[in-house]
Amino acid sequence: MYFNEINISECFPLLVFENQEEEKLFLQNLKSKGIFLYKQVYDALCNWQTNCSIKYEHFKNLIRYDKSIRDKLYKYLCVAEEHLRNIIFEELETLEKFEDNENKKLDIDALQNKDKSNLNSNLYEYSYSRFFDFGTIEKIFEKYDLAIKYSIDQNDIVMVRKKLRNKVMHHNMLLLSYHTDKSKIEREIKEIEDGVEALYRLMPTEVFKEGSIQNGKLVGGLTQDINKSNFKDGDINQPPYENLICLHKFKDGRFNR
């Protein structure tokens, strides 16, 4: 289907534009976003609020909100992964020295306790391998009881991988997944929120969890960034933006469901 052949009123009969400029933006963005993404978002909104017209503002906001959440979660997933990797490098070592670190698989069973006086690390160099992923980190933590030693819940590592990381790393709608049915989207959001709560617990410092005060304002932190996508300045006491499908309020590491 060519973009200039699309009849908006036929493909998106309940979509309402406030003016011609909105309709023009819709068609322009359709070329980069794609008809299939647009149709999924439209169908999801139709199922979310039945027997109602769909404002273009709500349609646009859902796509923008979803990308905002994905981008922010990606940042904190990187923080968590770096933290867990650093624990592994400080505690364990491999005696193998690889010439081609990018294509080697690690024998997890052969890892040994790290000599803390030695600032060189074969294991750190191996981490550049394409096989050293979050799943490898999870297995190492479980085998060598690193979660217990560092007061981390192993289940949080598992949950972040299963319910959050793999979803965030793909360039698809996060809140919807591939669904348009309301009940399935609600289950998807519940899984994402469970993953975010686990991610919060994996943050290495309070600053990464709650942010810091700079010039009299609270800045940064997972809590602030999650809420900022739906509330002005991340203040959950303020009226929310017009996001029909979104995460719940996030406070003290928990969603208010």
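Our subject is the structure that appears above.
Note that the structure is a prediction, hence the values are computed from the model and not measured.

1. Structural notes on the overall build of the protein
Working step 1: For the protein, the count of helices and strands is 11 helices and 8 strands.
Working step 2: When the backbone C-alpha atoms are referred to their principal axes, the protein occupies close to 70 × 45 × 35 Å.
Working step 3: Considering only residue pairs separated by 6 or more positions, the protein has 66% of its internal contacts joining residues 24 or more positions apart.
Working step 4: Of the roughly 14,800 Å² that the protein leaves accessible, carbon and sulfur atoms contribute 47%.

2. Thoughts on the state of the cysteines
Working step 1: Tallied over the entire structure, the rule returns 0 disulfides.
Working step 2: Not part of a disulfide, Cys52 finds its nearest cysteine sulfur in Cys46, a span of 9.6 Å.

3. Details of the layout of surface pockets
Working step 1: Estimated volume of the largest pocket: approximately 430 Å³.
Working step 2: Around the largest pocket, the lining comprises 19 residues; the ones closest to its centre are Lys33, Leu37, Ile63, Lys67 and Arg70.
Working step 3: Counting only elements with at least two residues in the lining of the largest pocket, the list comes to helix 2 (20-33), helix 3 (35-48) and helix 4 (56-91).
Working step 4: Counting residues per element, the lining of the largest pocket draws most heavily on helix 4, at 9 residues.
Working step 5: Taken together, the residues that form the lining of the largest pocket break down as 9 nonpolar, 4 polar and 6 charged.

4. What to know about the packing of helix 4 against helix 6 (residues 134-143)
Working step 1: Between helix 4 and helix 6, the least distance of the axes is 10 Å, while the angle of their chain directions is 45°. As judged from the angle between their axes, helix 4 and helix 6 are oblique. Helix 4 and helix 6 meet at a crossing whose hand is left-handed. Within the contact between the two elements, helix 4 uses Glu81, Leu84, Arg85, Ile87 and Ile88 and helix 6 uses Phe134, Ile137, Ile140 and Phe141.
Working step 2: Looking at the contact of helix 4 with helix 6 residue by residue, the class counts come to 7 nonpolar, no polar and 2 charged.

5. Overview of the pattern of salt bridges
Working step 1: As enumerated under the stated definition, the model contains 20 salt bridges in all.
Working step 2: With a closest N to O distance of 2.9 Å, Lys167 and Glu191 form a salt bridge. Placement of Lys167 in helix 8 (residues 154-168) and of Glu191 in helix 9 (residues 182-202) is noted, with a sequence separation of 24 residues between them.
Working step 3: Put simply, Lys190 and Asp194 hold a salt bridge, and the shortest N to O gap is 2.9 Å. Taken together, the positions of Lys190 and Asp194, both in helix 9 and 4 residues apart, correspond to about one turn of that helix.
Working step 4: Take Lys190: its relative accessible area is 37%, and that puts it in the partly exposed class.
Working step 5: Assessed through its relative accessible area of 11%, Asp194 is described here as buried.
Working step 6: Sharing partners across several salt bridges, the network here consists of Lys163, Lys190, Glu193, Asp194, Glu197, Arg254 and Arg257.

6. Quick look at the nonpolar core
Working step 1: Within the largest apolar cluster, 70 residues are counted, with the highest numbers of intra-cluster contacts made by Phe59, Leu73, Phe141 and Leu199.
Working step 2: With 15 residues, helix 4 is the single largest residue contributor to this core.
Working step 3: With residues up to four places along the chain from it excluded, the contact list for Phe141 reads Leu84, Ile87, Ile88, Leu146, Ala147, Ile152, Gln154 and Ile157.

7. Focus: the side chain of Ser129
Working step 1: Summarising the element assignment, Ser129 is placed in the loop between helix 5 (122-126) and helix 6.
Working step 2: In terms of polar contacts, Ser129 uses its side chain to reach the backbone carbonyl oxygen of Lys104, at 2.7 Å.
Working step 3: At 3.0 Å, the side chain of Ser129 and the backbone nitrogen of Phe131 are in polar contact.
Working step 4: Apart from the residues lying within four places of it in its own chain, the contact partners of Ser129 are Asn101, Glu102 and Lys104.

8. Topic: helix 8
Working step 1: In this model, helix 8 (15 residues) spans 20 Å end to end at C-alpha, consistent with the 21 Å of a helix rising 1.5 Å per residue.
Working step 2: Maximal helix bending in helix 8 amounts to about 40°, located at Arg161.
Working step 3: The set of residues buried in helix 8 consists of Gln154, Asp156, Ile157, Val160, Leu164, Arg165 and Val168.
Working step 4: Buried residues in helix 8 make contact with helix 4, helix 6, helix 7 (146-149) and helix 9.
Working step 5: Measuring from the side-chain oxygen of the N-cap residue of helix 8 to the backbone nitrogen of Asn155 gives 2.8 Å; that N-cap residue is Asp153.

9. A few points about the packing of helix 6 against helix 8
Working step 1: Relative orientation of the contacting elements helix 6 and helix 8 amounts to 165°, with a least axis distance of 10 Å. Taken together, helix 6 and helix 8 sit at an angle that is classed as roughly antiparallel. Helix-helix and strand crossings are classified by hand; for helix 6 and helix 8 the assignment is left-handed. The segment helix 6 lies against helix 8, with Phe134, Gly135, Glu138, Phe141 and Glu142 engaging Gln154, Ile157, Val158, Val160, Arg161 and Arg165.

Conventions used here
- Residues numbered from 1 in each chain as written.
- Predicted model: local features only at pLDDT ≥ 70, side-chain atom pairs only at ≥ 80, totals over all residues.
- Heavy atoms only, no water.
- Helix = DSSP H or I, 4+ residues; strand = E, 2+ residues; numbered from the N terminus.
- Contact = heavy atoms within 4.5 Å.
- Areas by Shrake-Rupley, 256 points an atom, 1.4 Å probe, with all protein chains shown as cover.
- Disulfide = S-S within 2.5 Å.
- 1 Å grid on protein atoms, 1.4 Å probe; cavity = no way out; pocket = protein on both sides within 12 Å on 5 of 7 lines; lining within 4 Å.
- Points joined across faces, edges and corners; volume = space filled by probe spheres on them.
- Nonpolar A, V, L, I, M, F, W, Y, C, P; charged D, E, K, R; others polar.
- Axes fitted to C-alpha atoms, helices over the stretch in contact; angles between N-to-C directions.
- Parallel < 35°, antiparallel > 145°, perpendicular 65-115°, else oblique.
- Left-handed = near helix turned anticlockwise from the far one by under 90°.
- Salt bridge = Lys/Arg side-chain N within 4 Å of Asp/Glu carboxyl O.
- Buried < 20%, exposed > 50% of the residue type's maximum accessible area, 1.4 Å probe, protein only.
- Core = buried A, V, L, I, M, F, W, Y, C linked by side-chain atoms within 4.5 Å.
- Polar contact = N/O pair within 3.5 Å; in protein donor to acceptor, adjacent residues only side chain to side chain.
- Expected span 1.5 Å × (residues − 1).
- Bend = angle between axes of the 7 residues up to and from the residue.

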